[in-house]
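A look at the structure
This is what each chain is made of:
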Amino acid sequence: MTTEQRWTAEHIPDLSGRIFVVTGASSGLGRVTAQALAGRGGRVVLAVRDEEKGRRVAAETTARQPGAALEVRRLDLADLDSVRRFADALHADHPQVDVLVNNAGVMAPPRSLSAQGHELQFAANHLGHFALTGLLLDLLTAGTDPRVVTVTSANHRLGRLHFDDIDGERRYAPMRFYNQSKFANAVFGCEFQRRLTAAGSPVRSLLAHPGYAATNLQTSGPVGLVKVLFGRVLTPFAQPAERGALPQLYAATAQDVEGGAFLGPDGPAELRGGPTRVRLSRAATDPETGRRLWDLSEQLTGVAYGLPAA
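Residues numbered from 1 in each chain as written. Predicted model: local features only at pLDDT ≥ 70, side-chain atom pairs only at ≥ 80, totals over all residues. Heavy atoms only, no water.

Turning next to the layout of surface pockets. The space that makes up the second largest pocket amounts to roughly 330 Å³. What lines the second largest pocket is a set of 16 residues, and nearest its centre among them are Ala9, Glu10, Val32, Gln35 and Ala36. Those elements giving two or more residues to the lining of the second largest pocket turn out to be helix 1 (28-39), helix 9 (241-244) and helix 10 (246-253). Considering each element in turn, the lining of the second largest pocket owes the most residues, five residues, to helix 1. Classifying every residue of the lining of the second largest pocket gives six nonpolar, four polar and six charged. (1 Å grid on protein atoms, 1.4 Å probe; cavity = no way out; pocket = protein on both sides within 12 Å on 5 of 7 lines; lining within 4 Å. Points joined across faces, edges and corners; volume = space filled by probe spheres on them. Helix = DSSP H or I, 4+ residues; strand = E, 2+ residues; numbered from the N terminus. Nonpolar A, V, L, I, M, F, W, Y, C, P; charged D, E, K, R; others polar.)

Here it is in C-alpha coordinates:
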(Lines give C-alpha, C1' and ligand atoms only; values in the text may rest on other atoms or scores of the structure.)
Protein backbone atom coordinates (compact mmCIF):
# COMPACT_ATOMS: atom_id res chain seq x y z
CA MET A 1 0.00 0.00 0.00
CA THR A 2 1.53 3.33 -1.05
CA THR A 3 1.79 6.38 1.17
CA GLU A 4 -0.91 8.08 -0.94
CA GLN A 5 -3.25 5.15 -0.25
CA ARG A 6 -2.50 4.80 3.45
CA TRP A 7 -4.94 2.62 5.28
CA THR A 8 -6.74 4.22 8.25
CA ALA A 9 -9.32 3.07 10.77
CA GLU A 10 -11.96 4.46 8.41
CA HIS A 11 -11.18 1.52 6.11
CA ILE A 12 -12.23 -1.09 8.70
CA PRO A 13 -15.18 -3.02 7.19
CA ASP A 14 -18.47 -3.67 8.94
CA LEU A 15 -17.78 -6.10 11.79
CA SER A 16 -21.33 -6.81 12.89
CA GLY A 17 -21.77 -10.29 14.31
CA ARG A 18 -18.05 -10.85 14.89
CA ILE A 19 -16.39 -11.38 18.28
CA PHE A 20 -12.97 -9.94 19.12
CA VAL A 21 -10.81 -10.49 22.20
CA VAL A 22 -8.24 -7.77 22.88
CA THR A 23 -5.72 -8.20 25.69
CA GLY A 24 -4.50 -5.11 27.50
CA ALA A 25 -7.57 -3.17 26.38
CA SER A 26 -7.68 -0.78 29.33
CA SER A 27 -5.06 1.62 27.94
CA GLY A 28 -2.78 2.49 25.05
CA LEU A 29 -2.89 0.47 21.85
CA GLY A 30 -5.34 -2.03 23.32
CA ARG A 31 -7.85 0.65 24.23
CA VAL A 32 -7.63 2.22 20.78
CA THR A 33 -7.94 -1.18 19.11
CA ALA A 34 -10.98 -2.19 21.15
CA GLN A 35 -12.75 1.11 20.54
CA ALA A 36 -12.06 1.02 16.80
CA LEU A 37 -13.40 -2.54 16.49
CA ALA A 38 -16.50 -1.74 18.55
CA GLY A 39 -17.06 1.38 16.46
CA ARG A 40 -17.47 -0.80 13.37
CA GLY A 41 -19.98 -3.12 15.00
CA GLY A 42 -17.75 -5.80 16.48
CA ARG A 43 -18.48 -7.32 19.87
CA VAL A 44 -15.29 -6.77 21.84
CA VAL A 45 -14.09 -8.56 24.95
CA LEU A 46 -11.79 -6.25 26.90
CA ALA A 47 -9.34 -8.65 28.55
CA VAL A 48 -7.78 -6.56 31.31
CA ARG A 49 -5.86 -7.02 34.53
CA ASP A 50 -7.60 -4.03 36.18
CA GLU A 51 -11.36 -4.44 35.76
CA GLU A 52 -12.12 -0.94 37.03
CA LYS A 53 -9.97 0.60 34.29
CA GLY A 54 -11.64 -1.70 31.80
CA ARG A 55 -15.09 -0.58 32.90
CA ARG A 56 -14.04 3.05 32.48
CA VAL A 57 -12.92 2.35 28.91
CA ALA A 58 -16.22 0.55 28.23
CA ALA A 59 -18.24 3.45 29.65
CA GLU A 60 -16.21 5.99 27.68
CA THR A 61 -16.72 3.98 24.51
CA THR A 62 -20.48 3.52 24.88
CA ALA A 63 -20.88 7.21 25.71
CA ARG A 64 -19.29 8.08 22.37
CA GLN A 65 -20.67 5.11 20.47
CA PRO A 66 -24.16 4.24 21.78
CA GLY A 67 -24.92 0.61 21.14
CA ALA A 68 -21.26 -0.50 21.21
CA ALA A 69 -21.05 -4.12 22.39
CA LEU A 70 -18.33 -4.50 25.01
CA GLU A 71 -17.52 -7.04 27.72
CA VAL A 72 -14.98 -6.47 30.48
CA ARG A 73 -13.26 -9.62 31.77
CA ARG A 74 -10.29 -9.98 34.07
CA LEU A 75 -7.10 -11.50 32.66
CA ASP A 76 -3.66 -11.45 34.26
CA LEU A 77 -1.31 -12.81 31.62
CA ALA A 78 1.47 -13.22 34.17
CA ASP A 79 -0.65 -15.81 36.01
CA LEU A 80 -1.44 -18.97 34.06
CA ASP A 81 -4.26 -19.80 36.48
CA SER A 82 -5.90 -16.48 35.55
CA VAL A 83 -5.46 -17.31 31.87
CA ARG A 84 -7.25 -20.63 32.35
CA ARG A 85 -10.11 -19.02 34.30
CA PHE A 86 -10.54 -16.44 31.56
CA ALA A 87 -10.60 -19.10 28.84
CA ASP A 88 -13.05 -21.26 30.77
CA ALA A 89 -15.44 -18.34 31.28
CA LEU A 90 -15.25 -17.39 27.62
CA HIS A 91 -16.07 -20.96 26.60
CA ALA A 92 -19.11 -20.87 28.87
CA ASP A 93 -20.48 -17.72 27.23
CA HIS A 94 -19.41 -17.85 23.57
CA PRO A 95 -19.51 -20.59 20.93
CA GLN A 96 -16.76 -18.92 18.91
CA VAL A 97 -14.16 -16.15 18.77
CA ASP A 98 -13.36 -14.60 15.42
CA VAL A 99 -10.21 -12.62 16.22
CA LEU A 100 -7.79 -12.65 19.15
CA VAL A 101 -5.47 -9.66 19.46
CA ASN A 102 -2.52 -10.52 21.71
CA ASN A 103 -1.72 -6.90 22.51
CA ALA A 104 -0.87 -6.59 26.21
CA GLY A 105 2.72 -6.22 27.32
CA VAL A 106 5.16 -5.03 29.92
CA MET A 107 8.44 -3.30 29.16
CA ALA A 108 11.81 -3.31 30.96
CA PRO A 109 10.86 -3.53 34.64
CA PRO A 110 13.32 -4.55 37.35
CA ARG A 111 13.61 -8.33 37.47
CA SER A 112 10.58 -9.97 39.03
CA LEU A 113 8.80 -13.29 38.66
CA SER A 114 5.34 -14.32 37.57
CA ALA A 115 2.91 -16.31 39.71
CA GLN A 116 4.46 -19.51 38.30
CA GLY A 117 8.03 -18.32 38.86
CA HIS A 118 9.03 -17.16 35.38
CA GLU A 119 10.71 -13.87 34.45
CA LEU A 120 7.86 -11.36 34.22
CA GLN A 121 8.35 -10.10 30.66
CA PHE A 122 8.72 -13.57 29.17
CA ALA A 123 5.73 -14.71 31.23
CA ALA A 124 3.35 -11.85 30.45
CA ASN A 125 4.41 -10.98 26.92
CA HIS A 126 4.88 -14.53 25.62
CA LEU A 127 3.85 -17.41 27.89
CA GLY A 128 0.51 -15.89 28.87
CA HIS A 129 -0.40 -15.19 25.26
CA PHE A 130 0.82 -18.62 24.16
CA ALA A 131 -1.42 -20.27 26.76
CA LEU A 132 -4.39 -18.02 25.97
CA THR A 133 -4.16 -18.69 22.24
CA GLY A 134 -3.95 -22.44 22.74
CA LEU A 135 -6.87 -22.49 25.16
CA LEU A 136 -9.03 -20.48 22.75
CA LEU A 137 -7.96 -22.29 19.59
CA ASP A 138 -11.16 -24.34 19.39
CA LEU A 139 -13.29 -21.18 19.64
CA LEU A 140 -11.15 -19.52 16.98
CA THR A 141 -11.41 -22.54 14.69
CA ALA A 142 -15.21 -22.16 14.89
CA GLY A 143 -14.99 -18.46 14.03
CA THR A 144 -15.56 -16.58 10.80
CA ASP A 145 -12.31 -15.57 9.04
CA PRO A 146 -10.47 -16.39 12.29
CA ARG A 147 -7.20 -14.68 13.08
CA VAL A 148 -4.69 -14.34 15.89
CA VAL A 149 -2.78 -11.05 15.83
CA THR A 150 0.29 -11.02 18.06
CA VAL A 151 1.85 -7.64 18.75
CA THR A 152 5.62 -7.71 18.75
CA SER A 153 8.13 -4.89 18.28
CA ALA A 154 10.81 -3.77 15.87
CA ASN A 155 13.03 -4.62 18.84
CA HIS A 156 12.52 -8.29 18.06
CA ARG A 157 15.41 -7.79 15.63
CA LEU A 158 17.67 -7.07 18.62
CA GLY A 159 16.53 -10.06 20.64
CA ARG A 160 17.31 -13.72 20.97
CA LEU A 161 16.11 -16.53 23.19
CA HIS A 162 18.40 -17.22 26.14
CA PHE A 163 17.46 -20.88 26.40
CA ASP A 164 20.22 -21.47 28.96
CA ASP A 165 18.93 -18.61 31.16
CA ILE A 166 15.35 -18.01 30.03
CA ASP A 167 14.33 -16.40 33.34
CA GLY A 168 17.43 -14.23 33.74
CA GLU A 169 18.61 -15.83 36.96
CA ARG A 170 22.26 -15.44 36.04
CA ARG A 171 22.32 -12.30 33.92
CA TYR A 172 19.28 -10.05 33.79
CA ALA A 173 19.07 -6.70 32.02
CA PRO A 174 15.62 -5.08 31.59
CA MET A 175 15.85 -4.19 27.88
CA ARG A 176 17.71 -7.40 27.03
CA PHE A 177 14.84 -9.45 28.37
CA TYR A 178 12.22 -7.15 26.86
CA ASN A 179 13.87 -7.80 23.50
CA GLN A 180 13.84 -11.54 24.27
CA SER A 181 10.08 -11.43 24.93
CA LYS A 182 9.38 -9.52 21.71
CA PHE A 183 11.57 -11.93 19.76
CA ALA A 184 9.56 -14.76 21.32
CA ASN A 185 6.35 -13.10 20.08
CA ALA A 186 7.75 -13.02 16.55
CA VAL A 187 9.02 -16.60 16.66
CA PHE A 188 5.67 -17.77 18.04
CA GLY A 189 3.70 -15.98 15.30
CA CYS A 190 5.80 -17.64 12.58
CA GLU A 191 5.80 -21.11 14.10
CA PHE A 192 2.06 -20.91 14.79
CA GLN A 193 1.36 -20.15 11.13
CA ARG A 194 3.55 -23.06 10.03
CA ARG A 195 1.60 -25.43 12.26
CA LEU A 196 -1.79 -24.01 11.26
CA THR A 197 -0.88 -24.51 7.60
CA ALA A 198 0.30 -28.07 8.24
CA ALA A 199 -3.00 -28.82 10.00
CA GLY A 200 -5.13 -27.24 7.26
CA SER A 201 -6.62 -24.89 9.85
CA PRO A 202 -8.73 -21.88 8.80
CA VAL A 203 -7.05 -19.77 11.50
CA ARG A 204 -4.41 -17.26 10.41
CA SER A 205 -1.48 -16.13 12.54
CA LEU A 206 -0.39 -12.52 11.97
CA LEU A 207 2.19 -10.25 13.54
CA ALA A 208 2.16 -6.47 13.98
CA HIS A 209 4.22 -3.76 15.60
CA PRO A 210 3.25 -0.14 16.32
CA GLY A 211 6.53 1.61 15.62
CA TYR A 212 7.22 4.18 18.31
CA ALA A 213 3.87 5.05 19.84
CA ALA A 214 3.17 7.19 22.88
CA THR A 215 1.59 4.83 25.43
CA ASN A 216 2.03 4.06 29.12
CA LEU A 217 4.18 1.05 28.19
CA GLN A 218 7.22 3.33 28.33
CA THR A 219 6.35 4.78 31.73
CA SER A 220 4.56 2.09 33.75
CA GLY A 221 7.27 -0.58 33.63
CA PRO A 222 10.74 0.85 32.99
CA VAL A 223 12.90 2.46 35.64
CA GLY A 224 16.05 4.55 35.54
CA LEU A 225 17.61 5.54 32.23
CA VAL A 226 15.19 3.48 30.14
CA LYS A 227 12.20 5.31 31.65
CA VAL A 228 13.83 8.71 31.15
CA LEU A 229 14.78 7.90 27.56
CA PHE A 230 11.54 6.33 26.33
CA GLY A 231 9.13 8.03 28.71
CA ARG A 232 10.43 11.58 28.43
CA VAL A 233 13.35 12.37 26.10
CA LEU A 234 12.04 10.61 22.98
CA THR A 235 8.28 11.14 23.43
CA PRO A 236 8.17 14.21 21.11
CA PHE A 237 9.11 11.83 18.27
CA ALA A 238 6.40 9.28 19.08
CA GLN A 239 3.19 8.97 17.11
CA PRO A 240 -0.13 8.86 18.98
CA ALA A 241 -1.62 5.53 20.01
CA GLU A 242 -4.36 6.01 17.41
CA ARG A 243 -1.69 5.75 14.71
CA GLY A 244 0.36 3.09 16.45
CA ALA A 245 -2.66 0.77 16.60
CA LEU A 246 -3.22 0.80 12.83
CA PRO A 247 -0.92 -2.14 11.96
CA GLN A 248 -2.71 -4.46 14.40
CA LEU A 249 -6.12 -3.18 13.28
CA TYR A 250 -5.12 -3.83 9.67
CA ALA A 251 -3.96 -7.33 10.56
CA ALA A 252 -7.22 -7.98 12.42
CA THR A 253 -9.64 -6.72 9.79
CA ALA A 254 -8.19 -6.13 6.31
CA GLN A 255 -9.39 -8.52 3.63
CA ASP A 256 -6.11 -8.82 1.73
CA VAL A 257 -3.80 -9.83 4.58
CA GLU A 258 -2.20 -13.28 4.36
CA GLY A 259 -1.36 -15.67 7.16
CA GLY A 260 2.19 -15.17 8.41
CA ALA A 261 2.29 -11.48 7.43
CA PHE A 262 4.09 -8.94 9.62
CA LEU A 263 2.58 -5.43 9.60
CA GLY A 264 4.24 -2.23 10.78
CA PRO A 265 4.52 1.48 9.97
CA ASP A 266 5.72 2.54 6.51
CA GLY A 267 7.79 5.53 7.67
CA PRO A 268 11.56 5.84 8.17
CA ALA A 269 12.96 3.11 10.41
CA GLU A 270 9.36 1.88 10.86
CA LEU A 271 8.90 4.39 13.69
CA ARG A 272 5.69 5.92 12.41
CA GLY A 273 3.35 5.96 9.43
CA GLY A 274 0.59 3.91 7.87
CA PRO A 275 0.46 0.10 8.01
CA THR A 276 2.40 -1.91 5.49
CA ARG A 277 4.06 -5.31 5.31
CA VAL A 278 7.51 -5.17 6.94
CA ARG A 279 10.43 -7.56 7.36
CA LEU A 280 10.84 -10.10 10.11
CA SER A 281 14.36 -10.92 11.20
CA ARG A 282 15.69 -14.09 9.61
CA ALA A 283 16.29 -15.52 13.09
CA ALA A 284 12.60 -15.17 13.94
CA THR A 285 11.59 -17.29 10.96
CA ASP A 286 14.03 -20.14 11.71
CA PRO A 287 12.00 -23.38 12.01
CA GLU A 288 14.35 -24.96 14.52
CA THR A 289 14.12 -21.95 16.84
CA GLY A 290 10.35 -22.04 16.41
CA ARG A 291 10.14 -25.72 17.30
CA ARG A 292 12.37 -25.27 20.32
CA LEU A 293 10.38 -22.32 21.67
CA TRP A 294 7.11 -24.14 21.00
CA ASP A 295 8.20 -27.21 22.93
CA LEU A 296 9.44 -25.08 25.83
CA SER A 297 6.23 -23.05 25.89
CA GLU A 298 4.02 -26.13 25.99
CA GLN A 299 6.18 -27.50 28.80
CA LEU A 300 6.08 -24.29 30.88
CA THR A 301 2.38 -23.56 30.39
CA GLY A 302 0.96 -27.05 30.29
CA VAL A 303 -1.05 -26.03 27.20
CA ALA A 304 -0.79 -28.35 24.18
CA TYR A 305 -2.29 -27.12 20.92
CA GLY A 306 -2.53 -30.51 19.23
CA LEU A 307 -1.11 -29.05 16.02
CA PRO A 308 1.46 -31.02 14.03
CA ALA A 309 4.96 -29.65 13.68
CA ALA A 310 5.55 -28.39 10.17
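Quick look at empty space enclosed by the protein now. A water-sized probe, rolled over the atoms, reveals where empty space remains. According to the stated counting rule, one finds one cavity of 30 Å³ or more in the structure shown. A volume near 30 Å³ is recorded for the largest cavity. Together, Leu77, Ala78, Leu80, Ser114, Gln116, His118, Ala123, Leu127 and Gly128 line the largest cavity. Per-element tally for the lining of the largest cavity: the top contributor is helix 4 (residues 120-135), with three residues. Of the residues contributing to the lining of the largest cavity, the split by class is five nonpolar, four polar and no charged.

Another point: a positive patch on the surface. There is a patch of like positive charges on the surface, built from Arg49, Lys53, Arg74 and Arg85. With respect to the helices and strands, the residue Lys53 is situated in helix 2 (residues 51-64). A relative accessible area of 39% places Lys53 in the partly exposed class. (Patch = residues over 30% accessible without salt bridge, like charges linked within 9 Å, V, L, I, M, F, W, Y side chains within 5 Å. Areas by Shrake-Rupley, 256 points an atom, 1.4 Å probe, with all protein chains shown as cover. Salt bridge = Lys/Arg side-chain N within 4 Å of Asp/Glu carboxyl O. Lys, Arg positive; Asp, Glu negative; His and termini not counted. Charge placed at Lys NZ, Arg CZ, Asp CG, Glu CD. Buried < 20%, exposed > 50% of the residue type's maximum accessible area, 1.4 Å probe, protein only.)

Here the focus is the nonpolar core. The tendency in soluble globular proteins is for nonpolar side chains to be buried side by side. With 36 residues, the main nonpolar core has Leu37, Val44, Leu46, Leu70, Val149, Leu249 and Leu263 as its most contacted residues. Sorting the residues of this core by element identifies strand 1 (19-23), helix 1, strand 2 (43-48), helix 2, strand 4 (99-102), strand 6 (204-208) and helix 10 as the ones contributing at least two each. Of the residues forming this core, the biggest block, six residues, is contributed by helix 1. Setting aside residues up to four positions removed in sequence, Leu70 forms contacts with Ala38, Val44, Leu46, Ala58, Thr61 and Thr62. Listed in part, the 29 residues of the second largest apolar core include Ala131, Leu139, Phe192 and Tyr305. (Core = buried A, V, L, I, M, F, W, Y, C linked by side-chain atoms within 4.5 Å. Contact = heavy atoms within 4.5 Å.)

Between helix 3 (residues 80-93) and helix 4, the shortest axis-to-axis distance is 10 Å and the interhelical angle comes to 25°. With respect to their mutual orientation, helix 3 and helix 4 come out roughly parallel. In this structure, helix 3 crosses over helix 4, and the sense of that crossing is right-handed. Between helix 3, through Leu80, Val83, Arg84, Phe86, Ala87 and His91, and helix 4, the contact on the second element is made entirely by Leu127, Gly128, Ala131, Leu132 and Leu135. Across the contact of helix 3 with helix 4, the residue classes tally to eight nonpolar, two polar and one charged. (Axes fitted to C-alpha atoms, helices over the stretch in contact; angles between N-to-C directions. Parallel < 35°, antiparallel > 145°, perpendicular 65-115°, else oblique. Left-handed = near helix turned anticlockwise from the far one by under 90°.)

What follows deals with the packing of aromatic side chains. Taken as a whole and assessed by the stated rule, the structure comprises 10 aromatic pairs. Relative to Trp294, the ring of Phe188 lies with its centre 5.9 Å away and its plane at 20°, an arrangement referred to as stacked. In this pair, Phe188 sits in helix 6 (residues 174-199) while Trp294 sits in helix 11 (residues 287-301), placing the two residues 106 residues apart along the sequence. Of the residues examined, Phe188 reaches a relative accessible area of 3% and is grouped as buried. Feature note: the residues Phe130, Phe188, Phe192, Trp294 and Tyr305 constitute an aromatic cluster, connected by ring pairs. The lysine or arginine in question, Arg292, covers the ring of Phe163, its NZ or CZ lying 4.0 Å from the ring centre. (Phe/Tyr/Trp six-rings, centres within 6.5 Å; stacked < 30°, edge-to-face > 60°. Lys NZ or Arg CZ within 6 Å of the ring centre and 35° of its normal.)

This part covers helix 11. The end-to-end C-alpha separation of helix 11 is 21 Å, in line with the 21 Å expected for 15 residues at 1.5 Å each. Buried within helix 11 we find Thr289, Gly290, Leu293, Trp294, Leu296, Ser297 and Thr301. Looking at the buried side of helix 11, the elements it contacts are helix 3, helix 4 and helix 6. One or two residues past the end of helix 11 sits Gly302, with phi positive at roughly 75°. (Expected span 1.5 Å × (residues − 1).)

The next subject is the side chain of Asp165. One can find Asp165 in the loop between strand 5 (147-151) and helix 6. The side chain of Asp165 is buried and forms no salt bridge, while Arg170, the nearest opposite charge, is found at 4.6 Å. Of note is the side chain of Asp165, whose polar atom sits 2.9 Å from the backbone nitrogen of Glu169. Not counting residues within four places of it along the chain, the set of residues in contact with Asp165 comprises Arg170, Arg171 and Phe177. (Polar contact = N/O pair within 3.5 Å; in protein donor to acceptor, adjacent residues only side chain to side chain.)

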